[in-house]
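An overview of the molecular structure
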Amino acid sequence: MKAIRRFTVRPVLPDPLRPLSDLARNLRWSWHAETRDLFQSVDPEAWAAAGADPVRLLGSVRPDRLAELAGDRKFLRRLTAVADDLDDYLSGDRWYQEQADGLPGAVAYFSPEFGITAALPQYSGGLGILAGDHLKAASDLGVPLIGVGLLYRHGYFRQTLSRDGWQQEHYPVLDPNELPLTQLEEADGTLAQVSLALPGGKALHARIWLAQVGRVPLLLLDSDVEENDLGERGVTDRLYGGGSEHRLLQEMLLGIGGVRAVRTYCRLTGHPVPEVFHTNEGHAGFLGLERIAELCAEGLDFDAALEAVRSGTVFTTHTPVPAGIDRFDRELIARHFAPDAELPGIDVQRVLELGRETYPGGEPNLFNMAVMGLRLAQRANGVSLLHGQVSREMFAGLWPGFDAEEVPITSVTNGVHAPTWVAPEVLRLGARQVGAQRAEDALTVGGSERWDSVADIPDEDVWELRRTLRERLVLEVRERLRASWRQRGAGDAELGWIEGVLDPDVLTIGFARRVPSYKRLTLMLRDPDRLTELLLHPEHPVQIVVAGKAHPADDGGKRLVQELVRFTDDPRVRHRIVFLPDYGMAMAQKLYPGCDVWLNNPLRPLEACGTSGMKAALNGCLNLSVLDGWWDEWFRPDFGWAIPTADGAGTDPDRRDDIEAAALYDLLEQRIAPRFYERGRAGLPDRWIEMVRQTLSLLGPKVLAGRMVREYVDRLYAPAARAHRALTPDTARDLAGWKARVRAAWPAVSVDHVETTGTTAATATAELGATVGLRVRVALGELTPDDVEVQAVSGRVDAEDRITDATVVPLKPAGPPDLEGRVLYEGPLSLDRTGPYGYTVRILPTHRLLASPAEPGLVTVPSQEVVEGAGMVLR
């Protein structure tokens, strides 16, 4: 019989065991080995059955076992030690507290998904895992972060396969009471809520759940409350589900409701109020509108409030393609921000302008969330060096007149949280080598350029570790493969072959990620016969473990999964290549360490960063990847291989895939597999072990989330906090007034005359080290020299006289304005490079509170007539 209602019965822990409840409710257990070991010792079988989830474990342990543990002195000593360690972790000073004054008192970090642990399935892929690692690293460093997201009752889908290999989606219902969460309560014991106004007098209510991620509170908003109508209750039903309006309501709840949840949390707990707001992708962009509305309610006008909000906002973009950005119909936005709906104090036209695609090729009837995110944030970044460059080019239209490299989008390369992703065996080896505390500091705080101590680990220890991890993966794969075939309808009598799947002594390649077309799941199948030869090579065989989910609405991605599954079902090769359904954190934590090579073959440059290879590298796995994302930045032949790309503009997509697949096969056959099986004098693969060493010692310190978060603090959070403090209400009004005055006067700003002085003035050649004098006469109209900077921009020029690798030098006024309001600027131009050389001049607005000269989006360059009179290219 089926129950008509479900609820959770919590165990009553004996007094000596009460600290177990606190340990279970703080998600630090998900990356703290001693805490996990303690819970496992409570009941190893129940721990495995609970999926290594302490909350579920404590709900299933027999009362007599709890009574037994309450009298077990050895267990209680361990419990006390682990509980004391958590107290020290939560209350002691860490890296952040040891820095100079001036850092933000708190930072609010908004993301549509968070991958903290498999026990809290609120993630779909890399964006969420990155957000989870960001919170964990912030906790380890002591950064006062508040995370903000949504609680999805169905999470992301679970994936199974049909008999013919077609992806099936299942959405299990999550009961928040069975998750490591607590509800935020008001002082009188009632549940804290936030509400949004909807068109037609309706409202969207959401309660606030709290997940404690070490030192970092994570607030998750849940619309499944009785006060909502059925439609509103379903707003947070599933991650990235529903149609356009459903998605808009999710993003309004995340951004606007999220700010209100942060205010509520700080009011109830005394947590410092955030000075910096960080939006992880455009989904949470509406947070800026809510903060503008707050300031308008305090008496600021919209423009001044916009400047104040921008000063303390950081926006991180993760997509390298316009198609990956959320865009909504303008009429839909207008309806939800009309006077009878949300934020009635803000003119809806001002809202629409923030998301308008004003660049060439933009859609005037669409509202672009990334465009709004950039306009509402004074600081923005991509997630790898290459992605920063791609982002500057993609959004350059928002800053007309500027070269792409001057677009104010920097980059902070992603990192991964080592304690989460490094296998316990690797951690133990590191602790044995340098001591437990030094190993923990190296993996969390980071800071060193290289881990030299790795060089002292004996070769036999490195190789034994790699084999142990490979063997553990083989057992895991067989167990998961058997479960998958049973779900596909196979009986035990058909599955005897699974005992021979994979070999712990064979070169093992891993490939696991989401399955959009650009990640090219099936590139390895481009020549099935050649892949088969590699798998079955008599001397240098390889074996491949593949996992990945296609989006439920992406039939093209599902066809790719099916194509791969059908290949892996072939009895000739199924012992050498497997597809594991339902890729998630629990699988990933076994998969990364057990592989020898991590494969990544996206279409360059469509991988913004791609952190799976980082997690593999921290376990001594070598990377084999297209030069995209982080690999483009840090690749060295000492610790991996680069797959050559055929990404020229004229290359046919099919031919490109053929070329790159052939290059992949060549690398595996001629370089990678022979090196793995090559043995030195001691019977060990010396050259392979040396590459593992180089991976750990040189890549290890770079790929840490601790390094990433420290960069965010130093380069983005701290400057944003200083800018936020500088923007008092009066200062914000002054800055907004200055920008309005400059924009109104800018059409009258011009470069009227440019001339050169010195020995090169009459010739088109010069010697290295010579100096050219520049005299530039400009018209400023209603502006003064204090409002602008006149610059000389010089450097080598290409065949079309475009300046590359430019040097910018400010010129100085040579006197007051003349009777016509024109100002003469002068300055030297040093010829510091040989070859074709050129210069130009330009005028930019300047103000001490601008984060970048390009921020106002205004620039004036010489007219064609002036260029013809002064143009100079030195050869």
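Structure: above.
Here goes a summary of the coordinates provided. (Residues numbered from 1 in each chain as written. Predicted model: local features only at pLDDT ≥ 70, side-chain atom pairs only at ≥ 80, totals over all residues. Heavy atoms only, no water.)

1. Remarks on the packing of aromatic side chains
All chains considered together, the criterion is met by 20 aromatic pairs. Ring plane angle 90 degrees and centroid distance 5.1 Å describe the contact between F676 and W688, whose orientation is recorded as edge-to-face. Separated by 12 residues along the polypeptide, F676 in helix α25 (residues 653–677) and W688 in helix α26 (residues 686–699) bring together distant segments of the chain. Relative accessible area serves as the criterion here: at 0%, F676 is assigned to the buried category. By the ring-pair criterion, three or more aromatic residues cluster together here, those being W463, W641, F676, Y677 and W688. Its guanidinium or amino end placed over the ring of F157, K549 lies 5.0 Å from that ring's centre, counting from NZ or CZ. (Phe/Tyr/Trp six-rings, centres within 6.5 Å; stacked < 30°, edge-to-face > 60°. Helix = DSSP H or I, 4+ residues; strand = E, 2+ residues; numbered from the N terminus. Buried < 20%, exposed > 50% of the residue type's maximum accessible area, 1.4 Å probe, protein only. Lys NZ or Arg CZ within 6 Å of the ring centre and 35° of its normal.)

2. Overview of the sheet that holds strand β20 (residues 640–643)
The sheet built from 6 strands is open, its strands ordered β17-β16-β15-β18-β19-β20 with parallel pairing. Sheet topology places β17 (577–580) and β20 at the edges, where each strand pairs with a single neighbour. Across the sheet, the mean angle separating the axes of adjacent strands is 20 degrees when strand polarity is ignored. Note: strand β16 (residues 542–547) against β17, 4 bridges, orientation parallel. What sits directly across from A547, in β17, is L580. (Pairing = 2+ DSSP bridges. Axes fitted to C-alpha atoms, helices over the stretch in contact; angles between N-to-C directions.)

3. Thoughts on the sheet that holds strand β21 (residues 750–757)
The strands making up a sheet associate through backbone hydrogen bonding, with each pair oriented either parallel or antiparallel. Spatially, β21-β22-β26-β25 is the arrangement adopted by the 4 strands of the open sheet, whose pairing is antiparallel. Where the open sheet ends on each side, the last strands, each with one partner, are β21 and β25 (812–813). As paired elements, β25 and strand β26 (residues 822–830) share 2 bridges and run antiparallel to each other. Considered in β26, the bridge of K812 is made with E826.

4. Some points on the pairing of strand β18 (residues 597–600)
In regular strands, side chains alternate between the two faces of the sheet. The alternating pattern of β18 places V597 and L599 and W598 and N600 on opposite faces, both of which are buried. Where strand β15 (residues 507–512) lies against β18, 2 bridges are found, and the strand directions are parallel. Following the sheet pairing, G510 is matched in β18 by W598. With 4 bridges connecting them, β18 and strand β19 (residues 622–626) associate as parallel partners. Residue N600 lies in a different strand from β19, and its bridge partner there is S625. Running through helix α23 (residues 612–617), the crossover from β18 to the neighbouring parallel element β19 is right-handed. (Right-handed = clockwise from strand over helix to strand, strands pointing away.)

5. Describing the environment of E690
With respect to the helices and strands, the residue E690 is situated in helix α26. Spatially, the C-alpha atoms of E690 and A455 are 8.9 Å apart, while their sequence positions differ by 235 residues.

6. Side note on the pairing of strand β6 (residues 193–197)
What you see with β6 is a clean split: V194 and L196 sit on the buried side and Q193, S195 and A197 on the side with no burial. Note: β6 against strand β7 (residues 203–213), 5 bridges, orientation antiparallel. In the sheet register, Q193 faces β7, and the bridge partner there is R207. Counting the residues that bridge the hairpin from β6 to β7 gives 5 residues, and of these G200 lies at a positive phi of roughly 80 degrees.

7. Some remarks on the layout of surface pockets
By volume, the second largest pocket is sized at about 920 Å³. Lining the second largest pocket are 35 residues, with R310, R375, R743, E855 and P856 positioned closest to its centre. In terms of residue count, helix α11 (residues 302–311) provides more of the lining of the second largest pocket than any other element does, 5 residues in total. (1 Å grid on protein atoms, 1.4 Å probe; cavity = no way out; pocket = protein on both sides within 12 Å on 5 of 7 lines; lining within 4 Å. Points joined across faces, edges and corners; volume = space filled by probe spheres on them.)

8. So, the environment of V501
Looking at the secondary structure, you find V501 in the loop between α19 (459–487) and β15. With 357 residues separating them along the chain, V501 and L858 place their C-alpha atoms 63 Å apart. Ignoring any residue separated from it by four or fewer positions in sequence, one finds V501 in contact with V474, V477, R478, L481, R574, H575 and V578. (Contact = heavy atoms within 4.5 Å.)

9. Considering empty space enclosed by the protein
Evaluation of the coordinates by the stated rule reveals 7 cavities of 30 Å³ or more. Here the largest cavity is characterised by a volume of approximately 80 Å³. Elements represented by at least two residues in the lining of the largest cavity include exactly α19, α21 (555–568) and β17.

10. Some remarks on the environment of A779
Mapping A779 onto the fold places it in strand β22 (residues 771–779). Each C-alpha atom, one on A779 and one on Q97, is 50 Å from the other, the two residues being 682 residues apart in sequence. Dropping the residues within four chain positions of it, A779 is found in contact with A748, V749, S750, D752 and R822.

11. Remarks on the side chain of E251
Relative to the elements of secondary structure, E251 occurs in helix α9 (residues 244–269). The residues contacting E251, other than those within four sequence positions of it, are H283, F286, D326, F328 and M369.

12. Things to note about the packing of helix α10 (residues 287–297) against α11
Relative to each other, α10 and α11 sit at 125 degrees, their axes nearing to 9 Å. The orientation of α10 with respect to α11, classified from their angle, is oblique. For the pair α10 and α11, the sense of crossing is right-handed. Contact with α10, carried on its side by G288, R291, I292, L295 and C296, involves F302, A305, L306, A308 and V309 of α11 and no other residues of that element. Residue composition of the contact of α10 with α11, by class: 8 nonpolar, 1 polar and 1 charged. (Parallel < 35°, antiparallel > 145°, perpendicular 65-115°, else oblique. Left-handed = near helix turned anticlockwise from the far one by under 90°. Nonpolar A, V, L, I, M, F, W, Y, C, P; charged D, E, K, R; others polar.)

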